[in-house]
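Okay, here's what each chain looks like letter by letter:
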Amino acid sequence: MFTYQIKNPKEAFINIEIGEGEFSGKILKSNELQPCMELTCTCGNIYFAADEHLYALDVVNNQVLKYTESEAIDSGNDTYLKSLENEISDEQWGELNAFFKDLKGMASEVADADKIEAHFENYKKVLQESQMVSYFEVLPWSFDFNVEIEGKKYWISDFYCVKPSCSCTSVLLLFSFSYEEDPSLELWYDYRTHEVSMGQLDDKKMPVTKIIREIRYTQAEKFRQTLSSRHKRMTVFFSNFLKRNKISPSLNSPVIASDTIGRNDLCPCGSGKKYKKCCGA
């Protein structure tokens, strides 16, 4: 038997009772289970202690782990872990995964941006080449972002310019048919003006015109609020990352239009706009 409830991250509870097998009657209660609440972490571990050892239910890979002072042992190398893993049904693993995603997703949405220690491995490319950064790359358990057209959902990955010297409001949107699939469509969207323009990727499998209509008109306010809020958070994450690691934001000196770029050339920040209408405004 498996139950869980989430009103908010602080009041979430989860109970698991194993009904059959060697561990029949064993109950893992909420006060014994501690999901990993590091919002930037990609693991799917729900930790619990037993027999003076630390264990984890890995809800991403559907396996039980045991932690020692030197290593993490998985069920492929331990018969006890394997037997415990087998007592949790596929349905229960699915519910555990849903619980974990709901809990981490809600926590990601409500957390104070200043308290999240995000890491940017490619910070040099962000500062020197204006590389865009994915929101899910920083907060991997954020709630799914999608657009629904005629009953079909299209998953969206949103990328932002977080370079301190840039004030653009354009976002790169990659559309996929499912969370696991590679993107099939690339659009640039300006959440201030609601302008939408085509990117380089379009495999002709998606209803581009209908998607653009949803973004610009039907769900314009939703996209404006969501993307502007996420963009603000991303800039806070990056600014705090630079301060925390004592990295100067002037790693790359500002581009001067008259020296290196024409006012009608594309802006180097990656917004897709002309320089004169973006950072050169």
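Quick note: structure is the one above.
No experiment lies behind these values; they were computed from the predicted model shown.

Trainee: Is there a simple way to explain the pattern of salt bridges in this structure?
Mentor: Side chains bearing opposite charge may pair, as long as their charged atoms lie close to each other. Enumeration according to the criterion identifies five salt bridges in this entry. Residue aspartate 158 is joined to arginine 230 by a salt bridge in which the shortest nitrogen-to-oxygen separation is 2.9 Å. One end of the pair, aspartate 158, is in strand β11 (residues 152-160); the other, arginine 230, is in helix α6 (residues 220-244), and 72 residues separate them in sequence. The same class applies to aspartate 158 as to arginine 230, namely buried. Its salt-bridge partner being glutamate 221, residue arginine 224 comes within 2.4 Å of it at the nearest N-O pair. Here arginine 224 and its partner glutamate 221 are both found in helix α6, three residues apart, which amounts to about one turn of the helix.

Trainee: Any chance you could explain the packing of aromatic side chains here in plain terms?
Mentor: Note on aromatic pairs: each is described by the distance of the centres and the angle between the planes. What the rule picks out here adds up to 13 aromatic pairs. Arranged with centres 6.5 Å apart and planes meeting at 70°, the rings of tyrosine 135 and tyrosine 160 form a pair that is edge-to-face. Within this pair, whereas tyrosine 135 is found in helix α4 (residues 135-138), its partner tyrosine 160 is found in strand β11, the two being separated by 25 residues in sequence. By the ring-pair criterion, three or more aromatic residues cluster together here, those being Phe120, Tyr123, Phe238 and Phe241. Over the aromatic face of tyrosine 154 sits the side chain of lysine 152, whose NZ or CZ is 5.9 Å from the ring centroid.

Trainee: Honestly, the side chain of lysine 66 in this entry has me stumped. Any pointers?
Mentor: In this fold, lysine 66 is placed in strand β7 (residues 63-67). Of the side chains with opposite charge, aspartate 78 lies nearest to the buried lysine 66, which makes no salt bridge, at 4.8 Å.

Trainee: How should the environment of leucine 33 be read in this particular structure?
Mentor: On the secondary structure map, leucine 33 appears in the loop between β3 (27-28) and β4 (34-35). A sequence separation of 14 residues divides leucine 33 from tyrosine 47, and the C-alpha atoms of the two residues are 5.6 Å apart.

Trainee: Would you mind showing me how to read the side chain of asparagine 240 here?
Mentor: On the secondary structure map, asparagine 240 appears in helix α6. For asparagine 240, the side chain forms a polar contact with the side chain of aspartate 114, separated by 3.0 Å.

Trainee: When you look at the nonpolar core in this model, what are you seeing that I'm missing?
Mentor: It is characteristic of soluble globular proteins that their nonpolar side chains tend to be buried jointly. Formed by 40 residues in total, the largest nonpolar core has its most connected members in Leu173, Phe175, Ile215, Phe223, Leu227 and Phe237. Elements supplying a minimum of two residues to this core: α3 (123-129), α4, β10 (146-149), β11, β12 (170-176), β13 (185-190), α5 (208-218) and α6. Examining the composition of this core, we find that seven residues originate from one element, α6, more than from any other. Here leucine 227 is in contact with Phe145, Asp158, Tyr160, Val171, Leu173, Tyr189 and Tyr191, once residues within four sequence places are set aside. In this structure, Ala50, Val59, Trp93 and Leu103 belong to the second largest nonpolar core, which totals 18 residues.

Cut-offs applied
- Residues numbered from 1 in each chain as written.
- Predicted model: local features only at pLDDT ≥ 70, side-chain atom pairs only at ≥ 80, totals over all residues.
- Heavy atoms only, no water.
- Salt bridge = Lys/Arg side-chain N within 4 Å of Asp/Glu carboxyl O.
- Helix = DSSP H or I, 4+ residues; strand = E, 2+ residues; numbered from the N terminus.
- Buried < 20%, exposed > 50% of the residue type's maximum accessible area, 1.4 Å probe, protein only.
- Phe/Tyr/Trp six-rings, centres within 6.5 Å; stacked < 30°, edge-to-face > 60°.
- Lys NZ or Arg CZ within 6 Å of the ring centre and 35° of its normal.
- Lys, Arg positive; Asp, Glu negative; His and termini not counted.
- Polar contact = N/O pair within 3.5 Å; in protein donor to acceptor, adjacent residues only side chain to side chain.
- Core = buried A, V, L, I, M, F, W, Y, C linked by side-chain atoms within 4.5 Å.
- Contact = heavy atoms within 4.5 Å.

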